[in-house]
Amino acid sequence: QVQLVESGGGLVQAGGSLRLSCAASGSIVNINTMAWYRQAPGKQRELLAVISRSGTINYANSVKGRFTISRDNAKNTVYLQMNSLKPEDTAVYYCNASPYYHADYWGQGTQVTVSS
């Protein structure tokens with residue numbers, strides 16, 4: 001079992017920055033992929049960024065060039081640095097861990113609100 005806890009959300013103005021953290025209950029070094037998602041009210045959950053065990057990173061076009069995913073294996077933590085935030089980035093942000101195919105663990109989410 002893997003427990004994930006997100007933190008770092010809050011209220012920022014457009015153009016500002018936030019760094020989200022996802023702390024895992026154990027080692028993340030052998031987890032196949034770690035990812036960040038978000039979900040706004042009335043919308044589908046959106047995949048934003050993925051980092052694999054090997055270090056391969058992929059971003060959604062909506063955040064490419066603005067968001068950066070990274071991990072610190074010594075701290076069992078994955079991060080999402082968010083820059084140049086826009087009001088449309090307002091959502092609940094979720095951390096996801098997939099240790100193997102079709103196995104998923106989720107955090108409870110952290111709210112990010114970007115004002116105009």
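J.: So what exactly am I meant to see when it comes to the pairing of strand β9 (residues 91-98) here?
T.: Here is the key point about a regular strand: its side chains alternate between the two faces of the sheet. Burial of β9 is extensive: 7 of the 8 residues sit out of reach of the surface. Sheet topology note: the strand β4 (residues 33-39)/β9 ladder contains 7 bridges and is antiparallel. Paired with methionine 34 across the bridge in β9 is alanine 97. As paired strands, β9 and strand β10 (residues 105-106) are joined by 2 bridges and run antiparallel to one another. The partner of alanine 97 across the bridge, within β10, is tyrosine 105. The antiparallel hairpin formed by β9 and β10 contains 6 residues in its connecting segment, where histidine 102 sits at a positive phi of about 65°.

J.: Teacher, can you tell me more about the side chain of glutamate 6 here?
T.: Tracing the backbone through its elements, the reader meets glutamate 6 in strand β1 (residues 4-7). One buried charged residue, glutamate 6, remains without a salt bridge, the closest side chain of opposite sign being arginine 45 at 7.8 Å. Engagement of the side chain of glutamate 6 in a polar contact is seen with the backbone nitrogen of glycine 109, the distance being 2.9 Å. Dropping the residues within four chain positions of it, glutamate 6 is found in contact with Ser21, Cys22, Trp36, Tyr93, Tyr94, Cys95, Gly107, Gln108, Gly109 and Thr110.

J.: What exactly am I supposed to notice about the sheet that holds β1 here?
T.: Strand pairs in the sheet, formed through backbone hydrogen bonds, run parallel or antiparallel to each other. The sheet built from 4 strands is open, its strands ordered β1-β3-β8-β7 with antiparallel pairing. In the strand order of this sheet, the two ends are held by β1 and β7 (67-72), each with one partner. Taking each pair of neighbouring strands and ignoring which way they run, the sheet shows an average axis angle of 15°. Across 4 bridges, β1 lies against strand β3 (residues 18-24) in antiparallel orientation. Considered in β3, the bridge of serine 7 is made with serine 21.

Each value, and the rule that gives it
- Residues numbered from 1 in each chain as written.
- Predicted model: local features only at pLDDT ≥ 70, side-chain atom pairs only at ≥ 80, totals over all residues.
- Heavy atoms only, no water.
- Buried < 20%, exposed > 50% of the residue type's maximum accessible area, 1.4 Å probe, protein only.
- Helix = DSSP H or I, 4+ residues; strand = E, 2+ residues; numbered from the N terminus.
- Pairing = 2+ DSSP bridges.
- Lys, Arg positive; Asp, Glu negative; His and termini not counted.
- Salt bridge = Lys/Arg side-chain N within 4 Å of Asp/Glu carboxyl O.
- Polar contact = N/O pair within 3.5 Å; in protein donor to acceptor, adjacent residues only side chain to side chain.
- Contact = heavy atoms within 4.5 Å.
- Axes fitted to C-alpha atoms, helices over the stretch in contact; angles between N-to-C directions.

Scope: geometric values only; no functional claims are made or implied.
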